[in-house]
Amino acid sequence: MNRNTDAELDEDEKRDILEAFNIFDLNKDGHLDFHEFKAATRALGFEVDKKQLLELISHYDKDGRHLINFEDFQEIMIQWMLERDPMLEIKKAFHLFDEDGTGKITMKDLKKLAKSLDIRISDEELKEMIDEFDLDGDGGINEEEFISICTDTS
């Protein structure tokens, strides 16, 4: 899971930035105000405090309107995305799946996720998914196994 050596985002990441901007540019004026900016950064997985957001708006504000345009938003998001620690992101994702905090992703976790995403999948199929990646045979996917799944380059 290494970042491109030429310090560029892939097309999906670039598309995510554009989509977040467009979704949260609520009045479709081509700019984000503080609240829209905060929501867009959160949607891309960044928890940024009010002070930092206000400093960014102040830094990029060219006309005194206290707004961020797409080019500036994109520049900020690219920098932040390139600075992300992929292993930390994988661990965060694991903890999102492991809702009950047992230290492993279980059938119960996968069933809940499938239901929330309105995905129809049988218990047998879910069990097969767990069995495929449950290397220690404990009936769930622990963090180490999850990391292995996410970093498998084959």
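Every value quoted in this text rests on a predicted model; they were computed, and no experiment measured them.

## Concerning the layout of surface pockets
Put simply, the second largest pocket is a space of about 240 Å³. Lining the second largest pocket are 14 residues, with Phe 97, Leu 110, Leu 113, Leu 126 and Met 129 sitting closest to its centre. Listed by contribution, the elements that provide at least two residues to the lining of the second largest pocket are helix H6 (107-116), helix H7 (123-133) and helix H8 (143-151). Looking at side-chain class alone, the lining of the second largest pocket contains 14 nonpolar, no polar and no charged residues.

## Observations concerning H8
The set of residues buried in H8 consists of Glu 145, Phe 146 and Ile 147. Of the surrounding elements, those touching the buried residues of H8 are helix H5 (86-97), strand S3 (104-105), H7 and strand S4 (141-142). You can read the cap of H8 off the contacts: a side-chain oxygen lies 3.1 Å from the backbone nitrogen of Glu 144, and it is on Asn 142.

## A short note on the packing of helix H2 (residues 34-43) against helix H3 (residues 50-60)
Contact geometry for H2 and H3: axes closest at 11 Å, N-to-C directions at 115 degrees. One finds that H2 runs roughly perpendicular with respect to H3. At the point where H2 passes H3, the crossing takes the right-handed sense. Note on element contacts: H3 touches H2 through Lys 50, Leu 53, Leu 54, Leu 56 and Ile 57, opposite Phe 34, Phe 37, Lys 38 and Thr 41.

## Re the domain arrangement of the protein chain
Much of the literature gives interface size as the accessible area that the parts lose upon coming together. Assigned domains of the protein chain: these are domain 1 (11-83) and domain 2 (87-152). Computed over C-alpha atoms only, the centres of domain 1 and domain 2 are separated by 32 Å.

## Some remarks on the environment of Asp 16
By secondary structure assignment, the location of Asp 16 is in helix H1 (residues 11-24). By relative accessible area, Asp 16 is classed as partly exposed at 38%.

## Quick notes on the pattern of salt bridges
Following the criterion strictly, the structure yields 13 salt bridges and no others. Here Lys 111 and Asp 123 are joined by a salt bridge, their closest N and O atoms 3.4 Å apart. Residue Lys 111 is located in helix H6, and its partner Asp 123 is located in helix H7; the two are separated by twelve residues in the primary sequence. You can call Lys 111 partly exposed: its relative accessible area is 38%. If you follow the salt bridges from partner to partner, you end up with Arg 84, Glu 89 and Lys 92 in one network.

Criteria and thresholds
- Residues numbered from 1 in each chain as written.
- Predicted model: local features only at pLDDT ≥ 70, side-chain atom pairs only at ≥ 80, totals over all residues.
- Heavy atoms only, no water.
- 1 Å grid on protein atoms, 1.4 Å probe; cavity = no way out; pocket = protein on both sides within 12 Å on 5 of 7 lines; lining within 4 Å.
- Points joined across faces, edges and corners; volume = space filled by probe spheres on them.
- Helix = DSSP H or I, 4+ residues; strand = E, 2+ residues; numbered from the N terminus.
- Nonpolar A, V, L, I, M, F, W, Y, C, P; charged D, E, K, R; others polar.
- Buried < 20%, exposed > 50% of the residue type's maximum accessible area, 1.4 Å probe, protein only.
- Contact = heavy atoms within 4.5 Å.
- Polar contact = N/O pair within 3.5 Å; in protein donor to acceptor, adjacent residues only side chain to side chain.
- Axes fitted to C-alpha atoms, helices over the stretch in contact; angles between N-to-C directions.
- Parallel < 35°, antiparallel > 145°, perpendicular 65-115°, else oblique.
- Left-handed = near helix turned anticlockwise from the far one by under 90°.
- Domains from an automatic or database assignment.
- Salt bridge = Lys/Arg side-chain N within 4 Å of Asp/Glu carboxyl O.

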